[in-house]
Amino acid sequence: QTGVDPSLLMAQRKKAEGERKKLEKKRAKEVKKANHSGKETVELDGFIPVEVVDPPAPRVKTVILDCGPFNFLDSVAVNTLTQVHKDYKSVGVRFLLAHCKANIRDQLVSCGFFEKIESDNLFISVHDAVLFSLAEDAKEEAGEHGHQDREAAEATYLEMESEV
């Protein structure tokens, strides 16, 4: 188990959005206050103040599925993998396939998996998928903090690869 339930996270986000829209409809005479924690507090005349909080982002950044034990995939399995990929992507989690045998790759192609999902999500080994995930995390971190540029993130990837 990954500890991340995309369906639950999406439901929480929809609920938070619904609450937010509901409060916006009731806003006739309101006073907004910004809390130190960054949460929005809304006071409506005659109502108790309510905090609208988005659900936390998942701590898991990548899920890697080891396809080594797979001997056969039918169209239902491919559709399930496609849906799982979309669910994880919708909550900001990468979903990667690794160690796929040739017949599994052929079945993925014949069922149209790569028409819906980028082929960048397929790796020869679990190790390659882990290195890719670490490099992507380094690129994201560099973009967020501005301390590193793209070349530095790629250098980190090359360093991790050379350590192996």
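For the structure, check the block above.
Residues numbered from 1 in each chain as written. Predicted model: local features only at pLDDT ≥ 70, side-chain atom pairs only at ≥ 80, totals over all residues. Heavy atoms only, no water.

**Student:** Any chance you could explain the nonpolar core here in plain terms?
**Tutor:** Generally speaking, soluble globular proteins have nonpolar side chains that are buried together. Membership of the largest hydrophobic core comes to 17 residues, with the highest contact counts inside it found for Leu-81, Leu-97, Leu-108 and Phe-113. Elements represented by at least two residues in this core include exactly helix H2 (75–90), strand E5 (94–98) and helix H3 (102–110). Looking at which element gives the most residues to this core, the answer is H2, with three residues. Excluding its chain neighbours within four sequence positions, the residues that come into contact with Leu-97 are Leu-65, Cys-67, Leu-81, Leu-108, Phe-113, Asn-121, Leu-122 and Phe-123. (Core = buried A, V, L, I, M, F, W, Y, C linked by side-chain atoms within 4.5 Å. Buried < 20%, exposed > 50% of the residue type's maximum accessible area, 1.4 Å probe, protein only. Helix = DSSP H or I, 4+ residues; strand = E, 2+ residues; numbered from the N terminus. Contact = heavy atoms within 4.5 Å.)

**Student:** I'm lost on the sheet that holds E5 in this one. Help?
**Tutor:** Each strand in a sheet pairs with its neighbour through backbone hydrogen bonds, running either in the same direction (parallel) or in the opposite one (antiparallel). Overall, parallel pairing links the three strands, which are arranged E4-E5-E6 in an open sheet. Looking at which strands have only one partner, the edges of the open sheet turn out to be strand E4 (62–66) and strand E6 (122–123). Relative to E6, E5 is paired through two bridges, and the arrangement is parallel. Looking at E6, one finds that Ala-98 is bridged to Phe-123. Those strands touched by H2 are E4 and E5, and its axis lies near 145 degrees from that of E5. (Pairing = 2+ DSSP bridges. Axes fitted to C-alpha atoms, helices over the stretch in contact; angles between N-to-C directions.)

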